[in-house]
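# Summary of the model geometry
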Amino acid sequence: MTAMELVLALALLAIIALKASMVLTSANEAQQQDSAIMALEDQARRALDQIAYAVMGSDRDSLIPDPESPIFSTSLRYSISLGVEDGEVVWDDPEEIGLSLDESQVIWRKNPGTAEELRVAWCNVVRPFLEGEIPNGTDDNGNGIVDENGLSFVVERDAVTIRLSVQRPGPQNQPISETVSTMVTVRN
Amino acid sequence: MTSNSTRCHRPNHLHGKRAGGALVLALVSVVTVAGLTAAFLQLSTAVSRRQAHMRDKMQAFYMAEAGLAEAWAAVQIKKSGNVGTEEDPALYGDGLFWVEATDMGGRLIQLESTGMVGSATAVLSLVVEEGLETVADLGVYSPTSLDLPPGTFLDGYDSRLGYKDGGALRLTSDEDLEKLLEEFLQQMEGSELGGLSGPLGASAPRGDRGGGTPSPPPPGDDPLELPPAPEPVVVEDEFAGRIASGGGITVNGTVELPTVIQGDLVPSPQDTVSMNGTVSVTGSTDPAADDVELPAIEVPVLNTLAACMHSGSAPLLMLPTEAHLPSLEVAQGSEVIVQGPATLVIDSLTLAAGARLYLDTTEGEVTIYVTTAASFAENAQVLNSTEDPANLSLNISAQPAEPIGLPAGAPIHGVIYAPDAELTVPPGFELFGSLVAQQVTFAAPPRLHFDENLAEVARERALPSLFSWRIVELENALLGPGANDPFVRLGVNRAALLPPARVHEDNPLDITYEDNGGLIQNYAGPESAFDWSQVRKPKALSRGGEKVIGEEDLKAVTAPTIDPLAKAVDDPAKNSSDVRDLLLAATPISKDALLASIHREPEMNSSHLKDVLEANAPLNDQIMLEALRNSTMSSSDLKSVLLTMSPGLSAQVLMAAAAYLAPSDLLSVQGAQ
């Protein structure tokens, strides 16, 4: 093989390798992006399900606050039923689900504001405002609520609508967001 | 020169060697890609698995809720609430469930439902409170014989629609009435008769439920001016009163004081109704199928306040409360107002002459329990602000030696229940609602109006209600055999499982029913051995000794039977003439058959329909209005039918006729009134 042939072969090989690596890189990035979105959605769903199951078993009369649309609340205090004893419903200690001080976490608290308070973070990547919403005094995302935060509760009779938007930096450092919502009926 | 010289010679040191890095590069690339793929698969599999678990958990949750719904429905019809077992669960969709019922006492039943779908298991617990058996739907009832004096009046009504003197009435919709009025006015303005004065003018008020009586018109000069419109009545209602007894019922009436019973008289299964003198009974006098057992009054235990004795002109206001009073005495001419919602347990209740007990039920019901003694002056008043009997109940659990005289100073709208006391009904007594007592003595003819809405309320209150609900468990199975298959986890054969309706716990059934042959049959035994397909109509049904339905329920909820003649009218094989002949041969025919002939598709010939309507005169307003709206009936045929029933046509029919009759025909009809 002459030197020319070798150089030519190496050049071709380099081009092919470059193309292959570009494809691999793109695929890798896409895969990472999709994985990040899937993971974020999974995280949001799990947090939402936890909130929903907690609210379902609560006493309607114990919900604090009691916001009606277009008013929302970023926290909800409630008590769930532990069962019936001697003909009376036994209620658990009060619990509260809401945002942390920096509004980036969903915090579940038991006996909030007391010495026996227990805290667990259910989600760490909450958006400051719900996806599509900006703090301008109008309902930008058309859901009937004005300037709602990343976590919002709206109570209407026995139904509680829970909305959660989460956001984290993606693999390429651009933010990725996911919004989940559900409406549950308070059973008690 | 030989050919060898043209050959390309390899250097000797390269002979036998295969040099080159392409394979290595290819291998490296493949390994890299494989590694990336494996990592991606692992990540996505983990996420997919987690999402599948979340989905299974949600589905298991709803599976458990389905189990609770199945058990709840069972408890409503007096079944135990047990649905399947862990060894023999119910098959439902892709999963299974079973429900365990536990009697907690105090009318509470715990239902614990386990639902399994995929890898998840959900256990939900629901505590239901059994419904209250009420007596409000009994009407006027006494376990002992009843003797109705001459002049007694009984009818029925629906408090949701209002009561009108002379019988319960139901009105058309306001839109129908307004349309008729507008059409009539337009027709009259364009006709020779000119405009109208009086209540049929533009300023006439619309009829509405319970009121809206137009004022009578000033005398007019036009001899054809229509008479003043009475209450906007369209349809004769079929509400009926009810008087029942655990013994016989004797009804007395005289020419001066006839007794009118617009409803049913129901003696005990072993007794009968005796009627003496001028007595009119529109309903049934058949004996009851079963004896009635009056439930005991469960007096709640409440905080005790001081005894209350009120006198003076200013009324005493009691705010909404639940309290026990040793006594409540309202002096002569004084008034006590009790705001609902309120529950009062009063040991001794006394209303002096002219005293007023005003129960403000606007915001909620008022329930009063009298446990020791009750004394009401004859002209004392017990008033219900909403006049809805369902909002006021007076429960007398006292067992006095002497009869208790009821107050008659004003009509009572409520439910009076005294299962152990004898009540005396004084002169002038009028009741809207229900009266049940151990013994009822009528010192004078009463006016009794049974509220059929109470039957509806009683049925609702008899249903169980939710007391408590909670999630007991909501988990995914760990790895292992059957981690994703609930049937394997439980060790059951899916093919052998039955649907939920067939795995309810067997209950002892006691049923009286009409079979497909029209015979009355009885069955008592396990429900699993009973063939429901032979039941045409149940008469009475109980499970485990608890009544599910009785005769009074059947009367209200049994679907109306369709007149076979009405079905025959709709036979498309028959022409108009055949239908006319059929109906004329069966005259008089039912309302259903008349309506069927008016609404028949294809429509009947106008003259044929006219013949049928004339043969069945007099017709009620509903039939007449439907006939007027029939598009094929000619004006002359309508006129002929209306003249057959003249004079005596209602203003409603006359107004409607104006919209459908030619002016000359309308003049003829109006002239005949």
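Glancing now at the interface of chain A and chain B. With 22 residues of chain A at the interface, the matching set in chain B holds 24 residues. Summed over both sides, the interface between chain A and chain B buries roughly 2,100 Å², with carbon and sulfur atoms accounting for 68% of that surface. For the chain A face of the interface with chain B, the top three residues by lost area are Tyr53(A), Val84(A) and Arg187(A), together amounting to 30%. Remark: the boundary between chain A and chain B carries two salt bridges. Residue Arg50(B) is joined to Asp42(A) by a salt bridge in which the shortest nitrogen-to-oxygen separation is 2.4 Å. One can count five residue pairs in polar contact (both at pLDDT 80 or more) joining chain A with chain B. When residues in the side of chain A that touches chain B are grouped by element, the largest group, 12 residues, is from helix α1 (residues 3-56) of chain A. Classifying every residue of the side of chain A that touches chain B gives eight nonpolar, eight polar and six charged.

Turning next to the sheet that holds strand β19 (residues 335-339) of chain B. All names here are of chain B. With parallel pairing, the four strands of this open sheet are ordered in space as β17-β19-β21-β23. The open sheet has two edge strands, β17 (316-318) and β23 (381-384), and neither has a second partner. Each strand axis lies, on average, 15 degrees off the axis of its neighbour in the sheet, ignoring direction. Sheet topology places strand β21 (residues 356-360) next to β23; four bridges connect them, and they run parallel. Bridge pairing in β23 links Arg356 to Gln381.

Turning next to a negative patch on the surface. Negative charge collects at one region of the surface, where Glu86(B), Glu87(B), Asp88(B) and Glu100(B) lie side by side. Topologically, Asp88(B) is positioned in the loop between α1 (22-76) and β1 (90-92).

A few words on the packing of helix α8 (residues 591-598) of chain B against helix α10 (residues 621-629) of chain B. All names here are of chain B. The geometry of α8 relative to α10 is characterised by a closest axis approach of 10 Å and an angle of 10 degrees between their N-to-C directions. Viewed along their axes, α8 and α10 adopt a mutual orientation that is roughly parallel. Taken together, the residues of α10 that come into contact with α8 (itself represented by Lys591, Leu594, Leu595 and Ile598) are Gln622, Ile623, Glu626 and Ala627. Grouping the amino acids of the contact of α8 with α10 by side-chain chemistry returns five nonpolar, one polar and two charged.

All names here are of chain B. Strand order in the open sheet formed by three strands is β6-β11-β14, and the pairing between neighbours is parallel. A strand with exactly one partner marks an edge of an open sheet, and here the two such strands are β6 (146-148) and β14 (273-277). Across this sheet, the average inter-strand angle for adjacent strands is 10 degrees, counted without regard to direction.

Looking now at the confidence of the model for chain B. Residues and elements named next belong to chain B. Averaged over every residue, the pLDDT of chain B is 82; the share at 70 or more is 83%. Contacts for the low-pLDDT stretch residues 1-6, under 50 throughout, to residues beyond four places or in other chains number one contact. Confidence drops under a pLDDT of 50 for residues 166-174, and excluding neighbours within four residues, the segment shows 25 contacts in the predicted structure. ipTM for the predicted complex: 0.85, alongside a pTM of 0.63.

The two faces of a sheet get side chains in turn, since along a regular strand they alternate between them. All names here are of chain B. Counting buried positions along strand β4 (residues 120-129) yields nine of 10 residues, so the element is predominantly enclosed. Note that strand β3 (residues 108-117) and β4 share 10 bridges and pair antiparallel. For Gly115, the partnering residue across the bridge sits in β4 and is Ala122. Where β3 folds back on β4, the antiparallel hairpin that results is connected by two residues, among which Gly118 adopts a positive phi of roughly 55 degrees. Across 10 bridges, β4 lies against strand β29 (residues 465-476) in antiparallel orientation. The residue of β29 that forms the bridge with Leu126 is Trp469.

Calculation notes
Residues numbered from 1 in each chain as written. Chains lettered and ligands numbered in written order. Predicted model: local features only at pLDDT ≥ 70, side-chain atom pairs only at ≥ 80, totals over all residues. Heavy atoms only, no water. Contact = heavy atoms within 4.5 Å. Buried area = accessible area lost by both parts, 1.4 Å probe. Salt bridge = Lys/Arg side-chain N within 4 Å of Asp/Glu carboxyl O. Polar contact = N/O pair within 3.5 Å; in protein donor to acceptor, adjacent residues only side chain to side chain. Helix = DSSP H or I, 4+ residues; strand = E, 2+ residues; numbered from the N terminus. Nonpolar A, V, L, I, M, F, W, Y, C, P; charged D, E, K, R; others polar. Pairing = 2+ DSSP bridges. Axes fitted to C-alpha atoms, helices over the stretch in contact; angles between N-to-C directions. Patch = residues over 30% accessible without salt bridge, like charges linked within 9 Å, V, L, I, M, F, W, Y side chains within 5 Å. Areas by Shrake-Rupley, 256 points an atom, 1.4 Å probe, with all protein chains shown as cover. Lys, Arg positive; Asp, Glu negative; His and termini not counted. Charge placed at Lys NZ, Arg CZ, Asp CG, Glu CD. Parallel < 35°, antiparallel > 145°, perpendicular 65-115°, else oblique. pLDDT = per-residue confidence, 0-100. Buried < 20%, exposed > 50% of the residue type's maximum accessible area, 1.4 Å probe, protein only.

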